[in-house]
Each structure stands twice: as C-alpha cells, then as structure tokens.
Amino acid sequence: MIFVFQKILPFFLYLVPDSLTNNINIMRRLTFEEKLLLEALHSVDDHVRFLLRKKWPNAAIYCCVCRRRYQHWAMEMYSKSMVCRRQTESKNADFLRDDEGYPDLEKIYGFFNQRLGHKMRVTKSFNGYAYSDNVRIFICDDISFRIVRDHKDNVKVLHDHFNSDRERGIWMPMDCLDELCDTLEFIFDNYDRFHTIVLKRAALWLKRLGWNPAPDICQLIYYQNEEATVYFAYNDYMYELKMHGYNNRLIINDADQEIRILPHSLKYDIERLRTELIAGNKVQTVSGNEYNEPTLSQILAAAIDSNEQVVEFEDLARKIVGK
C-alpha cells in the first residue's frame, strides 16, 4: 500500500493543502522538482488569499480563471526556480569561447540548438547595441529564457517578464551550460504533466469561490464593495475591462494583454462605469447613444469574436441593435 501511495502521490500533488506541507512523511515522498512546483503553487495561493482578505472575490476568481494569472504565474515561478537551482555538474566549455576566451554566443546558439532544437524553439538575436546579443530558448510561447554575455567566465541567464536584475537572471559559469540544457529539457518534457496539476489546483480554488458559469455565459461582473474593476465573463472565460482617456478607449484585457481595443466608446472611466452599472442605468457613449447592460455585454462579446484587435464601438453597436 505504501508503495502504491508513493507512486500515485505526484499525480495528486494538487490535493496537498498547506497544512500538510510541513508533514515530513509527505514531503519526503515528493521529488525535488515536485517540491519546487508546490512552492510555486503556494506563492500564487498566497496572492489569491490576499485578494480575498481585501474582500475582492471577483479579482480572486479572475486570477484563477485567467490563463496568464494563476496558471502562468505558477509555471513561470516553477521554471525559474528550476533554472536558478544550484548547478553542480561542470564540464569543460572552452569550445564555446571565442579566440580571446570570452563566451561566443554564436557557438552557444549552435550548442543549444543541437541539444534542444529538436524539441523546443531556440533563436539568436541582436538588438543593435553592445551586449544585446542573446540566445533564447522557449519552454512554451509564454515562458522562455535568454542567455547573454556577462564577463569572461560567466554568462547570464535571464527569465523574461521580470523587471529587476535581481529577479531577471542569474550568473552561471560557462561550464554549467551542459547541465542547464538538461534542466531546460526536463522542464519541457514535464511541462504538460505539471501544468495539469496547476490547472487542477486552480479548479479547486474556483470551486471554493463558487465559480460555475454556464458555458455560453455573456455578462458583466462587478461588485459594489470591490475595487474599481469591471470584468466580463464570456464563453466560460473571464476578461478585465479598462478605460483609457485617449479617444475614450474601452480595452478588453486578458491579464496583461490587450486583446481588443474599442476607441470612441464610453464617455467615462471604469469607476463611473461600475457606478452606473450598479445603479442599473444605461451607459452613454461619446456620440450620445445609450445602451443597457445586456446590449453592452453583446457588444463586448462581438468584439471578442472579431478578428480585429481594434474595432469601432459604434460599428459593433449598430450591428447588435439592428438585429
């Protein structure tokens, strides 16, 4: 029975609550990589709890629904922790240096492409200024690592989407690049398995938070005591609405990505939009037209279904109202 439990435990990692992670008997059965994933999950869990402490339930739901929130953050933290772990095995890397003994990114690119190119995308680019040469290895479309020259004995491994040098990268001896390849290959080979665990963990949060929408949901979501935020639920997914003063742009966000922009739309900001929706009033456009909440929801749905990133609000409205 113990043997069977040890075999199936990794597949039920998402069920391990925080209260049990201090149990030595449970933690010792997890592999090193599974422990790193669990740490990443707990970090994102703490953010969800913070939102709930602030009494922002919609923000907590959005965090767990949105692909570039709970899912992406957990896998990004896990991947970063894997690369930042201590590289112990060292192999001579003189063949990756130039004639003066410095890291040669052309040779490094060839090395990574030969080792990993059959599985994942490896690119080399130059941005036109000193030390902008970089080799980039993609774990997936949203997670990648860049290797740049540092000084004679080291390269620097940068994790995309971080804002400070302290978080963006680590210095790594040239002799450890071979083991780095092994680490990146492990992340890639096990990405789907670990991502499934993250999805199940997020699903547990959503169940606890009461998120169980109809598959064809199309409605605005807002909460009187929550921060000045308005969300839009559509086709079992959730988006965040933003307003920008330039051209009165209504923006539909998927986390940090502006997926749709509707210029010349509403004449007020998100806080005013939320106030009007809570009061049950119609919303006014810059052209003076008024639309009720169901019509506004249909306009937003049509914008998401559109193949254009920028689409005129009134053009969509005329199609909806004219039906």
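See the structure shown above.
Calculation notes
Residues numbered from 1 in each chain as written. Predicted model: local features only at pLDDT ≥ 70, side-chain atom pairs only at ≥ 80, totals over all residues. Heavy atoms only, no water. Helix = DSSP H or I, 4+ residues; strand = E, 2+ residues; numbered from the N terminus. Expected span 1.5 Å × (residues − 1). Buried < 20%, exposed > 50% of the residue type's maximum accessible area, 1.4 Å probe, protein only. Pairing = 2+ DSSP bridges. Axes fitted to C-alpha atoms, helices over the stretch in contact; angles between N-to-C directions. Polar contact = N/O pair within 3.5 Å; in protein donor to acceptor, adjacent residues only side chain to side chain. Contact = heavy atoms within 4.5 Å. Parallel < 35°, antiparallel > 145°, perpendicular 65-115°, else oblique. Left-handed = near helix turned anticlockwise from the far one by under 90°. Nonpolar A, V, L, I, M, F, W, Y, C, P; charged D, E, K, R; others polar.

1. Description of the environment of arginine 149
So, point 1. With respect to the helices and strands, arginine 149 occurs in strand S3 (residues 144-149).
So, point 2. When the C-alpha atoms of arginine 149 and tyrosine 102 are compared, they prove to be 8.2 Å apart, with 47 residues separating the residues in sequence.

2. Comments concerning helix H11 (residues 293-305)
So, point 1. An ideal rise of 1.5 Å per residue puts 18 Å on 13 residues; H11 measures up with 18 Å between its terminal C-alpha atoms.
So, point 2. Of all the residues in H11, the buried ones are Thr295, Leu296, Ser297, Ile299, Leu300, Ala301, Ala303 and Ile304.

3. Notes on the sheet that holds strand S8 (residues 237-244)
So, point 1. Judged by pairing direction, the sheet is antiparallel, and its five strands sit side by side in the order S6-S7-S8-S9-S10 without closing on themselves. Only two strands of the sheet have a single neighbouring strand rather than two, namely strand S6 (218-221) and strand S10 (257-262). Each strand of the sheet is rotated relative to its neighbour by a mean of 30°, with strand direction disregarded.
So, point 2. Two strands pair when backbone bridges link them, and strand S9 (residues 249-254) and S10 are joined in this way by five bridges, in the antiparallel orientation. The residue of S10 that forms the bridge with asparagine 253 is glutamate 258.

4. Brief notes about the side chain of asparagine 134
So, point 1. The topology assignment puts asparagine 134 in strand S2 (residues 134-138).
So, point 2. The class for asparagine 134 is buried, based on a relative accessible area of 4%.
So, point 3. In this structure the side chain of asparagine 134 is engaged in a polar contact, spanning 3.0 Å, whose partner is the side chain of serine 125.
So, point 4. Beyond its immediate sequence surroundings of up to four residues, asparagine 134 is in contact with Leu105, Thr123, Lys124, Ser125, Asn127, Arg146, Ile147 and Val148.

5. Let's talk about the packing of helix H5 (residues 67-84) against helix H8 (residues 177-189)
So, point 1. Look at H5 against H8: their axes get within 9 Å of each other, and the N-to-C directions meet at 160°. Considering the angle they form, H5 stands roughly antiparallel to H8. Crossing geometry of H5 relative to H8 is assigned as right-handed. For the pair H5 and H8, the contacting residues are Tyr78, Ser79, Met82 and Val83 in the first and Leu180, Thr183, Leu184, Phe186 and Ile187 in the second.
So, point 2. For the contact of H5 with H8, the per-class residue count stands at seven nonpolar, two polar and no charged.

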